[in-house]
Amino acid sequence: MESQGRNIGARRGAARERLLDAAARHFYVDGIAATGIDTITATAGVAKMSLYNNFASKSALVEAYIERRHEEWLHLYDLRLREAETPRDRILAVFDAYIDHAEDAYDHAFRGCGLLNAAAELPAGDPGRLAVRRHKEEVERILRRELDRLVAAERAETLATHLSFLLEGSMARAGLDGTSDQLHTARALAARLLTRA
């Protein structure tokens, strides 16, 4: 009986992951509004009921997708941190993690920040938009924390805002261009700013 429970749990976990993989692919490439539940379940190879066994609604699936993208980015940043030796390196690792995410294989080319793309489709006050905002605020906090090790507190706050705007602006342009070139340019500009700091 206990092994049956484990098997059911494992199947549910596998179905949940397949649903999240399918949602991630379609939400990023086609958009949230344009992606129906039937498309997600067909791509995942599961019954519609399986989706509702794992997620209360499409909204809950969207929130899980946003959380997963946030975790993916944190993982990429953590990998870059392992190579960073100085606070300056740790700041540039934020840019490197964005570049890594942009250069990660997407089925139909790079379309910009998946989180910002999702937020643009969601209404004001939607939990998904709030989750995206929390991610962006966390990135800025990371920048600020590392800048505190380099410069005075007042300068760190201003510079964190500048770097955050540089990062987000370059991500928006990179999404329009369909390449990571603008992100590489932003990283070079950030490196120059940090040299002068």
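These lines cover the structure that appears in this document, whether it is placed above or below. (Residues numbered from 1 in each chain as written. Predicted model: local features only at pLDDT ≥ 70, side-chain atom pairs only at ≥ 80, totals over all residues. Heavy atoms only, no water.)

## Quick look at the overall build of the protein
At step 1: What the protein contains, in helices and strands, is nine helices and zero strands.
At step 2: Across the protein, helices and strands are ordered from the amino to the carboxyl terminus as α-α-α-α-α-α-α-α-α.
At step 3: If you line up the protein on its principal axes, its C-alpha atoms span 60 × 40 × 30 Å.
At step 4: Looking at the 197 residues of the protein, the share that counts as buried comes to 42%.
At step 5: Long-range contacts, defined as pairs at least 24 residues apart, comprise 66% of the intrachain contacts of the protein with a sequence gap of at least 6.
At step 6: Total accessible area on the protein stands at roughly 10,500 Å², and carbon and sulfur atoms take up 51% of it.
At step 7: With 28 positive and 30 negative side-chain charges, the protein shows a spacing of 2 Å between the two charge centroids. (Helix = DSSP H or I, 4+ residues; strand = E, 2+ residues; numbered from the N terminus. Buried < 20%, exposed > 50% of the residue type's maximum accessible area, 1.4 Å probe, protein only. Contact = heavy atoms within 4.5 Å. Areas by Shrake-Rupley, 256 points an atom, 1.4 Å probe, with all protein chains shown as cover. Lys, Arg positive; Asp, Glu negative; His and termini not counted. Charge placed at Lys NZ, Arg CZ, Asp CG, Glu CD.)

## A word on the pattern of salt bridges
At step 1: Scanning the model with the defined rule gives 15 salt bridges in all.
At step 2: Across the salt bridge formed by Asp-38 and Lys-48, the nearest N and O atoms sit 3.0 Å from each other. Taken as a pair, Asp-38 in helix 2 (residues 37-44) and Lys-48 in helix 3 (residues 48-54) lie far apart in primary sequence, 10 residues in all.
At step 3: Its salt-bridge partner being Arg-80, residue Glu-83 comes within 3.8 Å of it at the nearest N-O pair. (Salt bridge = Lys/Arg side-chain N within 4 Å of Asp/Glu carboxyl O.)

## Digging into the packing of helix 6 (residues 114-121) against helix 7 (residues 127-147)
At step 1: For the pair helix 6 and helix 7, the least separation of the axes is 9 Å and the interaxial angle reads 145°. You can see that helix 6 and helix 7 cross each other, and the crossing is left-handed. Facing Leu-115, Leu-116, Ala-119 and Ala-120 of helix 6, the residues of helix 7 in contact are Arg-129, Val-132, His-135 and Lys-136.
At step 2: Each residue belonging to the contact of helix 6 with helix 7 can be placed in one class, and the counts come to five nonpolar, one polar and two charged. (Axes fitted to C-alpha atoms, helices over the stretch in contact; angles between N-to-C directions. Left-handed = near helix turned anticlockwise from the far one by under 90°. Nonpolar A, V, L, I, M, F, W, Y, C, P; charged D, E, K, R; others polar.)

## Things to note about the packing of aromatic side chains
At step 1: Under the criterion given, the structure shown has three aromatic pairs.
At step 2: Between Phe-27 and Tyr-65 the ring centres are 5.3 Å apart and the planes differ by 75°, which places this aromatic pair in the edge-to-face class. Taken as a pair, Phe-27 in helix 1 (residues 2-30) and Tyr-65 in helix 4 (residues 58-81) lie far apart in primary sequence, 38 residues in all.
At step 3: Summarising the aromatic geometry, the rings of Trp-73 and Tyr-98 are spaced 5.5 Å apart at their centres and angled 70° between planes, so their arrangement reads as edge-to-face. (Phe/Tyr/Trp six-rings, centres within 6.5 Å; stacked < 30°, edge-to-face > 60°.)

## Re empty space enclosed by the protein
At step 1: Within the structure shown, the criterion is met by one cavity of 30 Å³ or more.
At step 2: Around the largest cavity, the lining comprises 14 residues; the ones closest to its centre are Arg-69, His-101, Cys-113, Gly-114 and Met-171.
At step 3: Contributing elements (two or more residues each) for the lining of the largest cavity: helix 4, helix 5 (87-103) and helix 6.
At step 4: Per-element tally for the lining of the largest cavity: the top contributor is helix 5, with three residues. (1 Å grid on protein atoms, 1.4 Å probe; cavity = no way out; pocket = protein on both sides within 12 Å on 5 of 7 lines; lining within 4 Å. Points joined across faces, edges and corners; volume = space filled by probe spheres on them.)

## As for the side chain of His-135
At step 1: Along the chain, His-135 turns up in helix 7.
At step 2: Residue class for His-135 comes out buried when judged on its relative accessible area of 3%.
At step 3: The contacts of His-135, once residues within four sequence positions are left out, are His-70, Trp-73, Tyr-98 and Leu-115.

## Some remarks on helix 9 (residues 181-196)
At step 1: An ideal rise of 1.5 Å per residue puts 22 Å on 16 residues; helix 9 measures up with 23 Å between its terminal C-alpha atoms.
At step 2: Looking at the buried residues of helix 9, the elements they touch are helix 5, helix 7 and helix 8 (153-177). (Expected span 1.5 Å × (residues − 1).)

## A closer look at the nonpolar core
At step 1: Core analysis: the biggest nonpolar cluster contains 59 residues, and Ile-66, Val-94 and Leu-163 have the highest contact counts within it.
At step 2: Breaking this core down by element, the ones donating at least two residues are helix 1, helix 2, helix 4, helix 5, helix 6, helix 7, helix 8 and helix 9.
At step 3: Those residues within four positions of Val-94 in sequence are excluded, and the remaining contacts are Trp-73, Tyr-77, Val-139, Ile-142, Leu-143 and Leu-167. (Core = buried A, V, L, I, M, F, W, Y, C linked by side-chain atoms within 4.5 Å.)

## Overview of the environment of Ile-32
At step 1: Summarising the element assignment, Ile-32 is placed in the loop between helix 1 and helix 2.
At step 2: When near neighbours in sequence (up to four residues on either side) are disregarded, Ile-32 contacts Phe-27, Lys-58, Val-62, Ala-118 and Glu-121.

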